[in-house]
Amino acid sequence: MPLIFVRVRDNRRVTLKIRIAEGAAPYEQVRAQISEQARSGALPVGYKLPTVRGLAESLGLAANTVAKAYRALESDGVIETRGRNGTFVAAAGDAASREAASAAQTYAERARRLGLTEDAALDAVRDALRAAFEDAS
């Protein structure tokens, strides 16, 4: 199981653990761990992430695997790429909250058009969240 330790500004260690034998794809493990560490503050806003190639080499993964994780993280607003300057942890809380609110609004409108009651729509959301978070752990 490859590990990468990166020192951040205040000397805390950030660790990524990739477990090939587990069910989750390696890119999803990279994406989930960086996302969680960014949201928890373990990776501070503005922290410069390793290059795709550098992280891939450290983890023993293909560069395309890490690139896929970085693209997903950027799409989620967790990280931002600044051209040749590198990839940085973004101020993701606001972007993530806005995207989640937009997705919730879209879901609520769709559930209403389908004729679901509020309770049935909430039950469906709870089931989906439970399944998503169980898969991520």
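Residues numbered from 1 in each chain as written. Predicted model: local features only at pLDDT ≥ 70, side-chain atom pairs only at ≥ 80, totals over all residues. Heavy atoms only, no water.

An unreviewed UniProt entry lists the protein under the name GntR family transcriptional regulator, from Streptomyces triticiradicis.

> I tried to follow the nonpolar core on my own but got confused; where do I start?
The tendency in soluble globular proteins is for nonpolar side chains to be buried side by side. Val 30, Ile 34, Leu 49, Leu 55, Leu 59, Tyr 70 and Ile 79 are the most contacted members of the largest nonpolar core, which totals 19 residues. Listed by contribution, the elements that provide at least two residues to this core are helix H1 (26-40), helix H2 (52-59) and helix H3 (63-75). Top contributing element to this core by residue count: H3, with four residues. Setting aside its immediate chain neighbours within four residues, Val 30 contacts Ile 18, Leu 55, Leu 59, Leu 61 and Ala 69. (Core = buried A, V, L, I, M, F, W, Y, C linked by side-chain atoms within 4.5 Å. Buried < 20%, exposed > 50% of the residue type's maximum accessible area, 1.4 Å probe, protein only. Helix = DSSP H or I, 4+ residues; strand = E, 2+ residues; numbered from the N terminus. Contact = heavy atoms within 4.5 Å.)

> Is there a simple way to think about the packing of aromatic side chains in this case?
How two aromatic rings sit relative to each other is given by the distance of their centres and the angle of their planes. For the coordinates displayed, the defined rule picks out zero aromatic pairs. One residue, Lys 68, lies across the ring of Tyr 27, its end atom 4.1 Å from the ring centre. When the ring centre of Phe 88 is taken as reference, the NZ or CZ atom of Arg 82 above it lies at 4.0 Å. (Phe/Tyr/Trp six-rings, centres within 6.5 Å; stacked < 30°, edge-to-face > 60°. Lys NZ or Arg CZ within 6 Å of the ring centre and 35° of its normal.)

> Help me understand a nonpolar patch on the surface, please; the structure alone is not making it clear to me.
On the surface, Tyr 107, Leu 114 and Leu 116 cluster together to form a nonpolar patch covering roughly 270 Å² of accessible area. Relative to the helices and strands, Tyr 107 is located in helix H4 (residues 92-113). Take Tyr 107: its relative accessible area is 30%, and that puts it in the partly exposed class. (Patch = residues over 30% accessible without salt bridge, like charges linked within 9 Å, V, L, I, M, F, W, Y side chains within 5 Å. Areas by Shrake-Rupley, 256 points an atom, 1.4 Å probe, with all protein chains shown as cover. Salt bridge = Lys/Arg side-chain N within 4 Å of Asp/Glu carboxyl O.)

> Please explain the side chain of Arg 31 as it appears in this structure.
Mapped onto the elements of the fold, Arg 31 is located in helix H1. You can call Arg 31 buried: its relative accessible area is 18%. With near-sequence residues (within four places) excluded, Arg 31 lies in contact with Ala 69, Ala 72, Leu 73 and Asp 76.

> Got a minute to help me understand the confidence of the model for the protein in this structure?
Atomic detail in the predicted coordinates should be set aside for any region of low pLDDT. On average, residues of the protein score 83 in pLDDT, and 83% of them are at 70 or above. The least confident element of the protein is strand S1 (residues 3-7), whose mean pLDDT is 49; the most confident is H3, at 95. (pLDDT = per-residue confidence, 0-100.)

> Looking at this structure, how should I read the sheet that holds strand S4 (residues 79-81)?
Adjacent strands of a sheet form backbone hydrogen bonds with each other and so pair up, either parallel or antiparallel. One open sheet holds the three strands; their spatial order is S3-S5-S4, and the pairing between them is antiparallel. On the outer flanks of this sheet lie strand S3 (48-49) and S4, each paired with one strand and no other. Its contacts with the sheet put H3 on S3, S4 and strand S5 (87-89), and the angle it makes with S4 is roughly 110°. (Pairing = 2+ DSSP bridges. Axes fitted to C-alpha atoms, helices over the stretch in contact; angles between N-to-C directions.)

> Would you mind going over the packing of H1 against H3 with me for this structure?
When two helices pack together, their arrangement is captured by the angle between the axes and the distance separating the axes. At their nearest, the axes of H1 and H3 sit 8 Å apart, and the two run at 45° to each other. One finds that H1 runs oblique with respect to H3. The chirality of how H1 crosses H3 is right-handed. Of H3, the residues touching H1 (which contributes Pro 26, Tyr 27, Val 30, Arg 31, Ile 34 and Ser 35) are Thr 65, Lys 68, Ala 69, Tyr 70, Ala 72 and Leu 73. (Parallel < 35°, antiparallel > 145°, perpendicular 65-115°, else oblique. Left-handed = near helix turned anticlockwise from the far one by under 90°.)

> Mind showing me how you'd approach the environment of Arg 71 here?
Tracing the backbone shows Arg 71 in helix H3. Distance in space between the C-alpha atoms of Arg 71 and Arg 31 is 9.1 Å, their sequence separation being 40 residues.

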